[in-house]
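In case you want the letters, here they are:
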Amino acid sequence: MEWSEKYEIVIGLEVHAQLLTESKLFCGDSIAFGAAPNTHVSPITLAHPGSLPKMNRKAIEYAVKLGLACQCEIEQKNYFARKNYFYPDLPKGYQISQHTTPICKNGHVTIKTAAGTRDIRLNRIHMEEDAGKSIHDVDPYNTAVDYNRAGTPLVEIVTEPDLRSSEEAFAYVTELRKLVRYLEVCDGNMEEGSMRCDANISVRLKGAEKLGTKVEVKNLNSIRNVKRAIDFEAERLMGLLEAGETIRQQTRSFDAGNGTTFAIRDKEDAEDYRYFADPDLPPFDLEDAFINDIRRMIPALPAERIRQYMTEYQLPEYDAHVITEERDTADYFETILQHTKNYKAAANWMLGPVKTWLNENSQPIGAFPLQPSQVAALIQCVDSGKVSFSIASTRLFQLLLQHPEEQPLVLAEKNNLIQQSDAADLEPVIDAVLEKLTAKVAEYKKGKKGLLALFVGEVMKQTKGKADPKKTNEILLKKLQ
């Protein structure tokens, strides 16, 4: 029997997301990424004696916004606690965090699995400040510390142990990253460390109710590495049980180079941190009006937009999912729909020429040179029969990219791209093609009806793609009869 058939994997995730404020959680230092080491620091960041923290209101708004989007209960009476531990990148010797009063409780994130959709329950979302960054490779004998990141506002999103496979964990982190980007509370850039994941993993015999001893794999910096780390660690834990060994509760790290985990330390319990209310920060209460104002700022989220695209716009599920991956892309698409009711054509342009340009140029939709109204005008050119889709999506599209100040129809006329639909223009070309392919005409008349596509293709070639395919078919059928 394979281990995967004998054991069940149980996974809970803790995702740290840096909030998109301009300054730190308790002072005005910038949190901009990429600055020279130790340039975004002040006496408060560095915990000089006598310096006092002051709460960042925008960070509270972002935390509440995320909680509301996840259907959480919002805690209205809040305070911060000190989480005491020593590490070189923690200048105060403690971290300011929430412990007994997380700002958001319960709630869920919905994921799509092979078996359908299901809700992954959240235990809580709480606020805390980030630590600095220890750097081990700039000096052969010493560890360097960059305090730029120290004090950056974080939310920690903690699930219940509801995930049962690395694939589900992958789907969850993917969905969560999409959500924080939609809400514009975090940029989700895991490669820059603005979103990091800790995975709590245990295994137990299938059918057992008691959870196994868990290990925590820290600071996974990509969605792919979340999946890889869980796969390796689950296999390791099952191997230990099969060998009759005892699993130790540990904190581990992941080596992305070889895909393995290694122990850092035995896992601490909450008591080891000696939490107590921070005496320098007063409690803060959230009023109903404050929460309701934030609720009104939440945009249409992916699940809601997917439902709308599939029901109101009659788009296939695939189209709806891809277009809603990024909020800016969905916003751009919906602006196109303000100028055209051909929803499927708009989706085809988004998933075809527009997406190709974005990929080839490694650019977001915000850098796309054409206005949504111009894409709608391209659709109108095709719908009205003025330009074929083939010409519009290749030659006219490229011309418009070079001259974004122009209108598509004007450019088509200037460059002789208007579709030929007049029988008087098409018949001489068709006659010449049929005369050239007399042997094929004879075969067609003997029953090889598939040759019609050859004749159409040759006409399109002779007219450089400008012949109206529908009209061309119509004339050809009459002449071939």
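Residues numbered from 1 in each chain as written. Predicted model: local features only at pLDDT ≥ 70, side-chain atom pairs only at ≥ 80, totals over all residues. Heavy atoms only, no water.

Asks: Any chance you could explain the packing of aromatic side chains here in plain terms?
Replies: What characterises a pair of aromatic rings is the spacing of the ring centres plus the angle enclosed by the ring planes. What the rule picks out here adds up to 12 aromatic pairs. Plain terms: the ring middles of Tyr-273 and Tyr-275 are 6.0 Å apart, the flat faces sit at 70° to each other, and that makes the pair edge-to-face. Between Phe-368 and Phe-397, the aromatic rings sit 6.3 Å apart at their centres with planes inclined by 25°, giving stacked as the arrangement. Residue Phe-368 is found in the loop between helix H9 (343–361) and helix H10 (372–383), and its partner Phe-397 is found in helix H11 (residues 389–402); the two are separated by 29 residues along the sequence. Of the two residues, Phe-368 and Phe-397, both sit in the buried class. (Phe/Tyr/Trp six-rings, centres within 6.5 Å; stacked < 30°, edge-to-face > 60°. Helix = DSSP H or I, 4+ residues; strand = E, 2+ residues; numbered from the N terminus. Buried < 20%, exposed > 50% of the residue type's maximum accessible area, 1.4 Å probe, protein only.)

Asks: Looking at this structure, how should I read the nonpolar core?
Replies: Nonpolar side chains in soluble globular proteins tend to end up buried together. Within the largest apolar cluster, 111 residues are counted, with the highest numbers of intra-cluster contacts made by Val-64, Ile-157, Tyr-172, Phe-333 and Phe-368. Each residue touching Ile-157, except ones within four places of it in the same chain, is listed here: Leu-13, Glu-14, Val-15, Ala-17, Leu-66, Leu-122, Arg-124, Ile-125, Tyr-172 and Leu-176. Of all hydrophobic cores here, the second largest spans 10 residues; its members include Ile-430, Leu-451, Ile-475 and Leu-476. (Core = buried A, V, L, I, M, F, W, Y, C linked by side-chain atoms within 4.5 Å. Contact = heavy atoms within 4.5 Å.)

Asks: Any chance you could explain the pairing of strand E8 (residues 116–129) here in plain terms?
Replies: Consecutive side chains of a regular strand alternate in pointing toward one face of the sheet and then the other. Looking at chain direction, strand E6 (residues 104–105) and E8 are connected through two bridges and run antiparallel. When the sheet's bridge partners are listed, Lys-105 is paired in E8 with Arg-124. As defined by bridge partners, strand E7 (residues 108–113) adjoins E8 across six bridges and the pair is classed as antiparallel. What sits directly across from Thr-110, in E8, is Asp-119. Between E7 and E8, which pair antiparallel in sequence order, lie two residues. (Pairing = 2+ DSSP bridges.)

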